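One-letter residues, chain by chain:
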Amino acid sequence: MKRSTYQQTNFISSGKICFVIIFSIAMAFLESAVVIYLRELYYPEGFGFPLKSMDKTLMLTELLRELATIIMLISIGYLSSQNKRERFAIFLLSFAVWDIFYYVFLKALLNWPLGLNDWDILFLLPLPWYGPVWAPVLISIMMILYAMLLLNSLKTGFPFKHHIRDIIMISLGTTMVLYSMMEDAIMMNMHGMPVDQIALNHVPISFNLWIYFSGIGLYLYTGIQIWMRIQTGKQTSHIITF
C-alpha cells in the first residue's frame, strides 16, 4: 500500500483541538443556561412531560436557536481545517463534547437528570426527539471515538477511503438511531397530529431498544472494519517492493 502523501505538518494541532473542545464546552454551558431559564419560567415545580405550551414567538425562537447551534458546530469544523476528513472529525468531536457537557452543567446547576434513565426531549427538528439521557450520551461517546479514529489516521499518514459499504452502514445506523428517538412523534404525525402539537401532548414511556442498539451495532461494525483496514495499511507499507 502506498503511503499517503498527506503531510503531517498540515495535521490540525493538538492545541487547536484543545480550543475546539473548550469552545464546545462553552457552547454547552450556553445551551444549559437557556434551558435553566426556560425551566425557571415554565417548570418552577420541576421538569416533566408533556411540555407546557409556549408563546409562538418563543417557540419559533427555540427552534431557530437549535438550528443555529448546529450551524455553529458545523462552522467550527469547517474553520478548523482545510481537509474534509479533519473538518468532519472536528464536527463530530465538538458535537459530542457539547452534548455531554450540556448534561454535565444541567446536573451541576439543577441536579438534573437524577439518573441516566431520566427522559429528555432531545431535539425539536424536524419532529420532537425523545429518549433516556444515556441514549444521546452513548452516541456522543461513539462520535468521539470515531473522530479520534479519523484524526489519528490522518496524523499517522494513513487517511483511509470510505468504501460505499461504510457509507451505507453508517447511513442505515443513523436512520435507525434517529427513528428510535422519533418513533412516537412519527406515529403521532402519521395519525394526523400537527407537528407543533406533538410535544404538547406526548408523554414518553418506552424506548425502542432493539432499533437503537441495532443502529449502534452497525456503527461498531463499520468502525472496526475501518480500523482493521488502517492497521493492514500500516503493516503492508513496510513491505519493500521492486
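Data block above holds the structure.
Residues numbered from 1 in each chain as written. Predicted model: local features only at pLDDT ≥ 70, side-chain atom pairs only at ≥ 80, totals over all residues. Heavy atoms only, no water.

**Brief notes about helix H5 (residues 164–190)**
Reasoning step 1: When the terminal C-alpha atoms of H5 are compared, their 32 Å separation across 27 residues is substantially less than the 39 Å that a helix rising 1.5 Å per residue should span.
Reasoning step 2: Taken as a whole, H5 carries its principal kink of about 65° at Met182.
Reasoning step 3: All buried positions along H5 are accounted for by Asp166, Gly173, Met176, Val177, Ser180, Met181, Met182, Glu183, Ala185 and Met188.
Reasoning step 4: Backbone geometry just after H5 places Gly192 at a positive phi near 100°. (Helix = DSSP H or I, 4+ residues; strand = E, 2+ residues; numbered from the N terminus. Expected span 1.5 Å × (residues − 1). Bend = angle between axes of the 7 residues up to and from the residue. Buried < 20%, exposed > 50% of the residue type's maximum accessible area, 1.4 Å probe, protein only.)

**Observations regarding the pairing of strand E1 (residues 119–123)**
Two faces, one strand: in a regular strand the side chains alternate between the faces of the sheet.
Reasoning step 1: In terms of burial, E1 is a largely internal element, four of the five residues being buried.
Reasoning step 2: One ladder, built from four bridges, connects E1 with strand E2 (residues 129–132); its direction is antiparallel. Along E2, the bridge assignment pairs Asp120 with Gly131.
Reasoning step 3: Counting the residues in the hairpin turn of E1 and E2 gives five residues. (Pairing = 2+ DSSP bridges.)

**Some remarks on the environment of Met59**
Reasoning step 1: Assignment of secondary structure puts Met59 in helix H2 (residues 56–80).
Reasoning step 2: Here Met59 falls in the partly exposed class, since its relative accessible area comes to 26%.
Reasoning step 3: Once the C-alpha coordinates of Met59 and Asp196 are considered, the two residues, 137 residues apart in sequence, prove to be 9.3 Å apart.
Reasoning step 4: Apart from the residues lying within four places of it in its own chain, the contact partners of Met59 are Met54 and Leu124. (Contact = heavy atoms within 4.5 Å.)

**Section: the packing of aromatic side chains**
Reasoning step 1: The tally for this structure, following the rule as stated, stands at 17 aromatic pairs.
Reasoning step 2: Relative to Trp112, the ring of Phe47 has its centre 6.0 Å away and its plane inclined at 80°; by these criteria the two rings are edge-to-face. With Phe47 in the loop between helix H1 (14–42) and H2 and Trp112 in the loop between helix H3 (84–110) and E1, the pair connects residues that are 65 residues apart, well separated along the chain.
Reasoning step 3: Assessed through its relative accessible area of 11%, Trp112 is described here as buried.
Reasoning step 4: Through a chain of ring-to-ring contacts, the aromatic side chains of Tyr43, Phe47, Phe49, Tyr102, Tyr103, Trp112 and Tyr130 assemble into a single cluster.
Reasoning step 5: The ring of Trp112 carries the charged tip of Arg39 above its face, separated from the ring centre by 4.2 Å. (Phe/Tyr/Trp six-rings, centres within 6.5 Å; stacked < 30°, edge-to-face > 60°. Lys NZ or Arg CZ within 6 Å of the ring centre and 35° of its normal.)

**Considering the side chain of Ser32**
Reasoning step 1: Within the secondary structure, Ser32 is located in helix H1.
Reasoning step 2: Residue Ser32 is classed as buried on the basis of its relative accessible area, which comes to 0%.
Reasoning step 3: In terms of polar contacts, Ser32 uses its side chain to reach the backbone carbonyl oxygen of Phe29, at 2.8 Å.
Reasoning step 4: The contact partners of Ser32, leaving out residues within four places of it in the chain, are Tyr102, Phe105 and Leu106. (Polar contact = N/O pair within 3.5 Å; in protein donor to acceptor, adjacent residues only side chain to side chain.)

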